[in-house]
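What follows is the residue order along each chain.
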Amino acid sequence: MTQATRPPVRAVLLDIEGTTIPVSFVHATLFPYARKALPALLRTHADDPAVKAQIAEIAHLAPGVPPLRQLEAWMDADAKVAPLKALQGMVWAQGYAEGVLKAALYPDVVPALRCWAAAGLSLAVYSSGSVAAQKLIYGHTTEGDLSSVFVGFYDLEMGGKRDAESYRRILDAARWQAGDVLFLSDVVAELDAAAAAGLRTCQIVHPEDGTQPGTTHPVAGSLAEVAMRFGLPHPEVA
Ligand SMILES: CSCCC(=O)C(=O)COP(=O)(O)O
Ligand SMILES: [Mg+2]
């Protein structure tokens, strides 16, 4: 089926890092902030039930390893592991609250998301970052609180982003039909998994951020280009 003969896109599911937010912001600002703040969180909030639950999960995944050492190993590897992502979200909350952290999205993102939401498209987030971290990031952008454009937020609770089953779980949770949904990500393995679940896909490529175009999915350098390729309302003319 060509693009012209396919049914219209009704929902857009968006990755965060490398898709709406520069990889450089995540790696040069968010991750170092969390690396520095996590030891104090574990020291001072070890009895907080939310922290305790994540420490228990670390012990389950890495028996016998001290929690902080395991977290550091995961951070070194940029591992997308739920307890790390949950604890990072907790320390980022303080950074956003104090105004130290503010999310600078790619410049094409805010106009496109506002335009698509206003036109009635359903927008949702799927990131390895926890749902709490997703809401913080979109609640504290340099262009204000963008969180209300999204109807759903999904994280590793749905499963890994390279597993087709995760996208099927999101379709069930959101009550979406696979063919109505366009998934945007910079990572080909995530797009492959989404396509295997029947979603439409487009790779977002920002060469200035080190992302490389693959050969198996449509490619766009901005959400405005996505709009053109997939017949979505165009942010500059909306
Ligand atoms: C929710 S913001 C921080 C993103 C993050 O922690 C991460 O690991 C990036 O994951 P993504 O799935 O958005 O590429
Ligand atoms: Mg990404």
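Each chain carries its own residue numbering, running from 1 in the written order of its sequence. Chains carry letters from A onward and ligands carry numbers from 1 onward, assigned in written order. Residue-level local features of this predicted model are given only where pLDDT is at least 70; pairs of side-chain atoms are given and counted only at 80 or more, and the full residue set underlies all totals for whole chains, interfaces and linings.

Student: Help me understand unusual backbone geometry, please; the structure alone is not making it clear to me.
Tutor: A negative phi angle characterises most non-glycine residues, just as the trans form characterises most peptide bonds. Residues other than glycine seldom take positive phi values, yet Asp-78 does so here, at roughly 50°. Look at Arg-175: it is not a glycine, yet its phi comes out positive at around 60°. Here Arg-175 lies in the loop between α7 (164-174) and β4 (181-185). Numbered from the N terminus, helices here are DSSP runs of H or I no shorter than four residues, and strands are runs of E no shorter than two.

Student: What's the story with the domain arrangement of the protein chain in this structure? I'm lost.
Tutor: Size of an interface: often given as the accessible area lost when the parts come together. Domain borders in the structure are assigned automatically or taken from a domain database. By domain assignment, the protein chain separates into domain 1 (3-21 + 103-230) and domain 2 (26-97). A C-alpha centroid distance of 25 Å is found between domain 1 and domain 2. Think of it this way: build a C-beta for each residue from its backbone, and any pair within 7 Å is a contact. Taken together, the twelve residues of domain 1 in the interface contact ten residues of domain 2. The residue inventory of the side of domain 1 that touches domain 2, partitioned by class, reads five nonpolar, five polar and two charged. Only Asp, Glu, Lys and Arg are considered charged, only Ala, Val, Leu, Ile, Met, Phe, Trp, Tyr, Cys and Pro nonpolar, and every remaining residue, Gly among them, polar.

Student: For this particular structure, what's the right way to read the pairing of β4?
Tutor: Remark: a regular strand shows side chains that alternate across the two faces of the sheet. For β4, the tally of buried residues reaches five of five residues, placing the bulk of the element in the interior. With burial as the criterion, each face of β4 is covered, one bearing Val-181, Phe-183 and Ser-185 and the other bearing Leu-182 and Leu-184. For two strands to pair, DSSP has to find at least two bridges joining them. Summarising the sheet, strand β1 (residues 11-14) and β4 pair through four bridges and their orientation is parallel. When the bridges of β4 are listed, Ala-11 appears paired with Val-181. One ladder, built from four bridges, connects β4 with strand β5 (residues 200-204); its direction is parallel. The partner of Phe-183 across the bridge, within β5, is Thr-201. Look down the strands so they point away from you; if the path from the first strand over the helix to the second goes clockwise, the crossover is right-handed. Taking the sense of rotation as the criterion, the β-α-β connection linking β4, helix α8 (residues 188-196) and β5 turns out right-handed. With C-beta atoms placed from the backbone, a residue is buried if 20 or more other C-beta atoms are within 10 Å of its own, exposed if 12 or fewer are, and partly exposed between those counts.

Student: Whenever I open this one, the nonpolar core confuses me. Can you help?
Tutor: Nonpolar side chains in soluble globular proteins generally cluster together in the buried interior. Membership of the largest hydrophobic core comes to 57 residues, with the highest contact counts inside it found for Val-12, Leu-13, Leu-87, Phe-183 and Leu-184. The element best represented in this core is helix α4 (residues 82-97), accounting for six residues. Residues lining this core come from more than one domain, with at least three contributed by each of domain 1 (3-21 + 103-230) and domain 2 (26-97). Each residue touching Phe-183, except ones within four places of it in the same chain, is listed here: Leu-13, Leu-191, Ala-194, Leu-199 and Thr-201. A set of buried residues drawn from Ala, Val, Leu, Ile, Met, Phe, Trp, Tyr and Cys, joined through C-beta atoms within 7 Å, is what defines a nonpolar core.

Student: Would you mind going over the sheet that holds strand β2 (residues 122-126) with me for this structure?
Tutor: Across a sheet, strands are paired by hydrogen bonds formed along the backbone, either parallel or antiparallel in direction. The parallel open sheet is built from six strands, whose spatial order is β3-β2-β1-β4-β5-β6. Taken across any chain shown, the strands that pair with only one partner, and hence form the sheet edges, are β3 (152-154) and β6 (219-220). Bridge count between β2 and β3: three bridges; the pairing is parallel. Pairing of Val-125 across the sheet is with Phe-153, part of β3.

Student: Before we go on, may I ask you to explain the packing of α4 against helix α6 (residues 131-139) in this structure?
Tutor: How two helices pack is summed up by the angle between their axes together with the distance between the axes. A fitted line through C-alpha atoms represents every axis, and for helices the fit uses only the stretch in contact; the resulting angles, taken between N-to-C directions, go from 0 to 180 degrees. The geometry of α4 relative to α6 is characterised by a closest axis approach of 8 Å and an angle of 30° between their N-to-C directions. When the axes of α4 and α6 are compared, the pair comes out roughly parallel. Relative to α6, the crossing made by α4 is left-handed. Contact residues: α4 offers Lys-85, Gln-88, Gly-89, Trp-92, Ala-93 and Tyr-96, while α6 offers Ala-132, Ala-133 and Leu-136. Considering only residue class, the contact of α4 with α6 consists of six nonpolar, two polar and one charged. When an angle is under 35 degrees it counts as roughly parallel; over 145 it counts as roughly antiparallel; between 65 and 115 it counts as roughly perpendicular; any other value is oblique. Put simply, a crossing is left-handed when the front helix is turned counterclockwise from the back one by less than a right angle, and right-handed when it is turned clockwise.

Student: Is there a simple way to explain the site of ligand 1 in this structure?
Tutor: Placing the C-beta atom from the backbone, one calls a residue near a molecule or strand if that atom lies within 6 Å of it. Taken together, the neighbourhood of ligand 1 is formed by 16 residues, with Ile-16, Glu-17, Ser-127, Ser-128 and Gly-129 sitting nearest. Ranked by residue count, the leading element in the shell around ligand 1 is α6, at three residues. When grouped by side-chain class, the residues that make up the shell around ligand 1 number five nonpolar, six polar and five charged. Summarising the domain contributions, the shell around ligand 1 has at least three residues from each of domain 1 (3-21 + 103-230) and domain 2 (26-97).

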